[in-house]
Amino acid sequence: MNIEPIIEPGPFEAVQRIILASGSPRRREMLESLGLEFDIIPSPAGEPSPEPGESPDDYAQRAAVAKAEAVFELHPDAVVIGSDTVVTLDGDIMGKPEGPNDALLMLSRLVGNTHRVVSGCAIFHPHAAPVAFSVSTDVSMGPQPLEVLFAYVATGEPMDKAGSYAIQGRGGFLVQSISGSYNNVVGMPLARLVDVLQDIRAIRPRPMDR
Ligand SMILES: Cc1cn([C@H]2C[C@H](O)[C@@H](COP(=O)(O)OP(=O)(O)OP(=O)(O)O)O2)c(=O)[nH]c1=O
(Lines give C-alpha, C1' and ligand atoms only; values in the text may rest on other atoms or scores of the structure.)
Protein backbone atom coordinates (compact mmCIF):
# COMPACT_ATOMS: atom_id res chain seq x y z
CA MET A 1 0.00 0.00 0.00
CA ASN A 2 1.75 3.19 -1.13
CA ILE A 3 0.23 6.41 0.16
CA GLU A 4 1.75 9.34 -1.70
CA PRO A 5 1.96 12.17 0.88
CA ILE A 6 1.49 15.77 -0.24
CA ILE A 7 4.88 17.44 -0.37
CA GLU A 8 5.56 21.06 0.46
CA PRO A 9 9.13 22.22 -0.35
CA GLY A 10 11.04 21.70 2.86
CA PRO A 11 14.69 21.97 3.92
CA PHE A 12 15.68 18.56 2.48
CA GLU A 13 15.14 16.44 -0.62
CA ALA A 14 15.45 12.69 -1.03
CA VAL A 15 18.45 11.47 -3.08
CA GLN A 16 17.22 7.87 -3.11
CA ARG A 17 13.81 6.20 -2.80
CA ILE A 18 12.76 6.34 0.85
CA ILE A 19 10.13 4.13 2.45
CA LEU A 20 8.70 4.80 5.90
CA ALA A 21 7.79 1.38 7.30
CA SER A 22 5.14 2.76 9.61
CA GLY A 23 1.41 3.29 9.89
CA SER A 24 1.90 6.04 12.47
CA PRO A 25 0.53 9.39 11.29
CA ARG A 26 2.94 11.10 13.69
CA ARG A 27 5.97 9.51 11.99
CA ARG A 28 4.61 10.40 8.56
CA GLU A 29 4.11 14.03 9.64
CA MET A 30 7.69 14.20 10.95
CA LEU A 31 9.18 12.99 7.63
CA GLU A 32 6.83 15.31 5.71
CA SER A 33 8.08 18.23 7.83
CA LEU A 34 11.51 17.69 6.23
CA GLY A 35 9.99 18.14 2.74
CA LEU A 36 11.00 14.63 1.65
CA GLU A 37 9.25 12.56 -1.03
CA PHE A 38 8.76 9.09 0.41
CA ASP A 39 6.46 6.07 0.26
CA ILE A 40 4.59 4.66 3.26
CA ILE A 41 4.45 0.90 3.66
CA PRO A 42 3.35 -0.19 7.14
CA SER A 43 5.51 -3.09 8.26
CA PRO A 44 4.05 -6.61 8.21
CA ALA A 45 6.29 -7.39 11.19
CA GLY A 46 4.35 -7.71 14.45
CA GLU A 47 5.47 -6.21 17.75
CA PRO A 48 8.03 -8.62 19.27
CA SER A 49 7.74 -9.34 23.00
CA PRO A 50 10.55 -8.08 25.22
CA GLU A 51 13.08 -10.80 26.15
CA PRO A 52 13.53 -11.44 29.91
CA GLY A 53 15.91 -8.78 31.24
CA GLU A 54 16.09 -6.97 27.88
CA SER A 55 16.70 -3.24 28.34
CA PRO A 56 14.07 -0.85 26.94
CA ASP A 57 16.72 0.59 24.62
CA ASP A 58 17.68 -2.81 23.22
CA TYR A 59 14.02 -3.79 22.86
CA ALA A 60 13.03 -0.58 21.05
CA GLN A 61 15.97 -0.95 18.66
CA ARG A 62 15.18 -4.62 18.02
CA ALA A 63 11.52 -3.81 17.33
CA ALA A 64 12.50 -0.97 14.97
CA VAL A 65 14.93 -3.26 13.10
CA ALA A 66 12.22 -5.94 12.74
CA LYS A 67 9.78 -3.41 11.26
CA ALA A 68 12.28 -1.91 8.80
CA GLU A 69 13.85 -5.25 7.81
CA ALA A 70 10.47 -6.80 6.93
CA VAL A 71 9.81 -4.01 4.40
CA PHE A 72 13.43 -3.85 3.16
CA GLU A 73 13.24 -7.54 2.22
CA LEU A 74 10.40 -6.62 -0.16
CA HIS A 75 12.05 -3.40 -1.39
CA PRO A 76 15.85 -3.87 -1.28
CA ASP A 77 16.32 -0.94 -3.67
CA ALA A 78 15.04 1.60 -1.15
CA VAL A 79 16.18 3.24 2.06
CA VAL A 80 13.72 1.88 4.64
CA ILE A 81 13.06 3.55 8.00
CA GLY A 82 11.42 1.80 10.96
CA SER A 83 10.78 3.08 14.46
CA ASP A 84 9.39 1.83 17.77
CA THR A 85 8.51 3.83 20.87
CA VAL A 86 8.12 2.48 24.40
CA VAL A 87 7.62 4.02 27.83
CA THR A 88 9.65 2.66 30.70
CA LEU A 89 9.25 3.08 34.46
CA ASP A 90 10.95 1.10 37.26
CA GLY A 91 12.40 -1.28 34.66
CA ASP A 92 8.99 -2.12 33.15
CA ILE A 93 8.44 -1.67 29.41
CA MET A 94 5.05 -0.18 28.50
CA GLY A 95 3.79 -0.35 24.93
CA LYS A 96 0.31 0.48 23.74
CA PRO A 97 -2.49 -0.36 26.20
CA GLU A 98 -4.52 -3.55 25.72
CA GLY A 99 -7.72 -1.67 26.60
CA PRO A 100 -9.13 1.24 28.66
CA ASN A 101 -8.41 -0.47 32.00
CA ASP A 102 -4.80 -1.13 30.97
CA ALA A 103 -4.51 2.52 29.90
CA LEU A 104 -5.85 3.66 33.27
CA LEU A 105 -3.38 1.38 35.07
CA MET A 106 -0.43 2.73 33.05
CA LEU A 107 -1.42 6.36 33.56
CA SER A 108 -1.96 5.91 37.29
CA ARG A 109 1.66 4.70 37.49
CA LEU A 110 3.04 7.48 35.30
CA VAL A 111 1.39 10.51 36.94
CA GLY A 112 3.33 12.02 39.84
CA ASN A 113 6.50 10.33 38.50
CA THR A 114 9.29 10.77 35.97
CA HIS A 115 9.51 8.07 33.31
CA ARG A 116 11.59 7.54 30.18
CA VAL A 117 10.32 7.39 26.62
CA VAL A 118 12.65 5.36 24.39
CA SER A 119 12.36 5.40 20.61
CA GLY A 120 14.37 2.93 18.58
CA CYS A 121 15.08 3.72 14.94
CA ALA A 122 16.46 1.52 12.16
CA ILE A 123 17.53 2.52 8.66
CA PHE A 124 18.17 -0.15 6.00
CA HIS A 125 20.09 0.98 2.90
CA PRO A 126 20.77 -0.83 -0.43
CA HIS A 127 24.51 -0.10 -0.39
CA ALA A 128 25.40 0.35 3.29
CA ALA A 129 25.13 -1.63 6.49
CA PRO A 130 21.89 -1.11 8.46
CA VAL A 131 22.00 1.57 11.14
CA ALA A 132 20.06 1.18 14.39
CA PHE A 133 20.01 3.40 17.44
CA SER A 134 17.76 4.49 20.28
CA VAL A 135 17.21 7.83 21.99
CA SER A 136 15.53 8.43 25.33
CA THR A 137 13.68 11.38 26.81
CA ASP A 138 12.78 11.86 30.48
CA VAL A 139 9.15 12.91 30.96
CA SER A 140 7.89 14.26 34.29
CA MET A 141 4.17 14.22 35.10
CA GLY A 142 2.40 15.89 38.00
CA PRO A 143 -0.12 14.03 40.19
CA GLN A 144 -3.65 13.67 38.78
CA PRO A 145 -6.92 12.56 40.43
CA LEU A 146 -8.32 9.29 39.09
CA GLU A 147 -11.39 11.02 37.61
CA VAL A 148 -9.11 13.09 35.37
CA LEU A 149 -7.41 9.92 34.11
CA PHE A 150 -10.81 8.30 33.52
CA ALA A 151 -11.86 11.35 31.49
CA TYR A 152 -8.64 11.32 29.46
CA VAL A 153 -8.94 7.59 28.71
CA ALA A 154 -12.55 8.20 27.64
CA THR A 155 -11.28 10.46 24.82
CA GLY A 156 -9.83 7.32 23.22
CA GLU A 157 -6.53 9.06 22.52
CA PRO A 158 -4.48 6.73 24.77
CA MET A 159 -5.40 3.57 22.88
CA ASP A 160 -2.73 3.63 20.15
CA LYS A 161 0.00 5.36 22.16
CA ALA A 162 2.86 3.81 24.11
CA GLY A 163 2.33 4.56 27.79
CA SER A 164 -1.32 5.50 27.03
CA TYR A 165 -0.72 9.21 26.43
CA ALA A 166 0.09 11.62 23.61
CA ILE A 167 2.31 14.55 24.59
CA GLN A 168 1.37 16.21 21.26
CA GLY A 169 -2.35 15.69 21.75
CA ARG A 170 -4.96 16.06 24.50
CA GLY A 171 -2.50 14.36 26.87
CA GLY A 172 -0.15 17.35 26.79
CA PHE A 173 -1.66 18.64 30.04
CA LEU A 174 -0.24 15.60 31.86
CA VAL A 175 3.38 16.58 31.11
CA GLN A 176 5.08 19.04 33.48
CA SER A 177 8.52 18.91 31.87
CA ILE A 178 10.77 16.88 29.63
CA SER A 179 14.51 16.46 29.44
CA GLY A 180 15.60 15.52 25.92
CA SER A 181 14.01 15.38 22.47
CA TYR A 182 10.28 16.17 22.17
CA ASN A 183 10.02 14.48 18.76
CA ASN A 184 11.48 11.38 20.35
CA VAL A 185 8.49 11.23 22.70
CA VAL A 186 6.03 11.71 19.81
CA GLY A 187 7.56 8.71 18.05
CA MET A 188 10.86 9.26 16.24
CA PRO A 189 14.26 10.76 17.18
CA LEU A 190 14.08 13.16 14.24
CA ALA A 191 17.32 15.12 14.84
CA ARG A 192 19.44 11.95 15.03
CA LEU A 193 17.54 10.41 12.07
CA VAL A 194 18.26 13.44 9.85
CA ASP A 195 21.98 13.19 10.73
CA VAL A 196 22.05 9.51 9.75
CA LEU A 197 20.07 10.05 6.53
CA GLN A 198 22.54 12.76 5.49
CA ASP A 199 25.54 10.62 6.46
CA ILE A 200 24.34 7.74 4.23
CA ARG A 201 23.47 10.27 1.47
CA ALA A 202 19.81 9.34 1.42
CA ILE A 203 18.83 13.01 1.73
CA ARG A 204 20.52 16.37 1.09
CA PRO A 205 19.68 20.00 1.77
CA ARG A 206 17.22 21.22 -0.90
CA PRO A 207 19.17 23.48 -3.35
CA MET A 208 18.04 27.12 -3.21
CA ASP A 209 16.79 27.08 -6.82
CA ARG A 210 14.30 24.23 -6.22
C1 LIG B 1 4.64 8.52 24.41
C2 LIG B 1 3.96 8.80 23.11
C3 LIG B 1 3.80 7.79 22.16
N4 LIG B 1 3.16 8.10 20.97
C5 LIG B 1 2.95 7.06 19.92
C6 LIG B 1 4.13 6.94 18.95
C7 LIG B 1 3.84 5.62 18.31
O8 LIG B 1 3.02 5.84 17.15
C9 LIG B 1 3.06 4.85 19.38
C10 LIG B 1 3.84 3.65 19.88
O11 LIG B 1 3.57 2.59 19.02
P12 LIG B 1 4.68 1.93 18.07
O13 LIG B 1 4.53 0.47 18.19
O14 LIG B 1 6.02 2.55 18.31
O15 LIG B 1 4.29 2.41 16.59
P16 LIG B 1 2.86 2.34 15.89
O17 LIG B 1 2.23 1.02 16.13
O18 LIG B 1 2.09 3.57 16.23
O19 LIG B 1 3.23 2.49 14.35
P20 LIG B 1 4.20 1.55 13.49
O21 LIG B 1 4.56 0.34 14.31
O22 LIG B 1 3.41 1.24 12.26
O23 LIG B 1 5.42 2.41 13.19
O24 LIG B 1 2.87 5.75 20.47
C25 LIG B 1 2.65 9.36 20.69
O26 LIG B 1 2.05 9.60 19.61
N27 LIG B 1 2.82 10.35 21.62
C28 LIG B 1 3.44 10.13 22.82
O29 LIG B 1 3.54 11.07 23.64
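Residues numbered from 1 in each chain as written. Predicted model: local features only at pLDDT ≥ 70, side-chain atom pairs only at ≥ 80, totals over all residues. Heavy atoms only, no water.

Condition: UniProt positions are given in the numbering used here, feature names are shortened, and annotations may be inferred rather than shown by experiment.
An unreviewed UniProt entry lists the chain under the name dTTP/UTP pyrophosphatase, from Desulfobaculum xiamenense. If you open the UniProt record of the chain and go to Subcellular location (unreviewed entry), you find "Cytoplasm".

Things to note about the UniProt feature "site: Important for substrate specificity" (unreviewed entry) in the chain
For the record, the criterion: Secondary structure elements are defined from DSSP: runs of H or I of at least 4 residues count as helices, runs of E of at least 2 residues count as strands, and each element is numbered from the N terminus. When accessible area is computed with a 1.4 Å probe and restricted to protein chains, residues below 20% of their type maximum are described as buried, those above 50% as exposed, and intermediate ones as partly exposed. Throughout, a contact is declared for two residues whenever any of their heavy atoms are within 4.5 Å.
Within the UniProt annotation, "site: Important for substrate specificity" (unreviewed entry) is assigned to R26, T85 and Q168. A maximum C-alpha distance of 14.3 Å among these annotated residues, which run over 143 residues, shows that they cluster at one spot. Take R26: it is sitting in helix 1 (residues 25-33). The exposure class assigned to R26 is buried, which follows from its relative accessible area of 16%. Once residues lying within four places of it in the same chain are set aside, the contact partners of R26 are D160, K161, Q168 and V186. Mapped onto the secondary structure, T85 falls in strand 4 (residues 79-89).

Some points on the site of the ligand
As a reminder, the rule being used: Any residue with at least one heavy atom within 4 Å of a molecule or strand is counted as near it. Polar contacts here mean pairs of N or O atoms no more than 3.5 Å apart (in protein, one a potential hydrogen donor and the other a potential acceptor; neighbouring residues in sequence count only if both atoms are side-chain atoms). Areas reported here follow the Shrake-Rupley algorithm with a probe of radius 1.4 Å; residue values treat only the protein chains shown as occluding. Each residue is assigned to one class: nonpolar for Ala, Val, Leu, Ile, Met, Phe, Trp, Tyr, Cys and Pro, charged for Asp, Glu, Lys and Arg, and polar for all the others, Gly among them.
Taken together, 21 residues are adjacent to the ligand, and S22, R27, E47, K67 and K96 come closest. The side chain of R26 places a nitrogen or oxygen atom 3.0 Å from an oxygen atom of the ligand. In the model, an oxygen atom of the ligand is placed 2.8 Å from a nitrogen or oxygen of the I167 main chain. Protein chains shield 92% of the accessible area of the ligand, which is 600 Å² for the free molecule. Elements with a minimum of two residues in the shell around the ligand: helix 1, strand 4 and helix 5 (182-186). When residues in the shell around the ligand are grouped by element, the largest group, three residues, is from strand 4. Residue composition of the shell around the ligand, grouped by class: six nonpolar, seven polar and eight charged.

What to know about the packing of aromatic side chains
Put simply, the rule reads: By convention, a stacked pair of Phe, Tyr or Trp rings (six-membered ring in the case of Trp) has centres within 6.5 Å and planes under 30 degrees apart, an edge-to-face pair has planes over 60 apart, and any other such pair is tilted.
Going through the model one piece at a time under the given rule, you end up with two aromatic pairs. Taking 5.4 Å as the distance between ring centres and 40 degrees as the angle between the ring planes, the aromatic pair formed by F72 and F124 counts as tilted. Placement of F72 in helix 2 (residues 56-72) and of F124 in strand 6 (residues 114-125) is noted, with a sequence separation of 52 residues between them. Summarising the burial analysis for this pair, F72 and F124 share the class buried. Here Y152 and F173 contribute two aromatic rings whose centre-to-centre distance is 6.0 Å and whose plane-to-plane angle is 85 degrees, an arrangement assigned as edge-to-face. Remark: F173 occurs in the loop between helix 4 (146-154) and strand 8 (175-179) and Y152 occurs in helix 4; sequence separation between them is 21 residues. The exposure class of Y152 is buried, given its relative accessible area of 3%.

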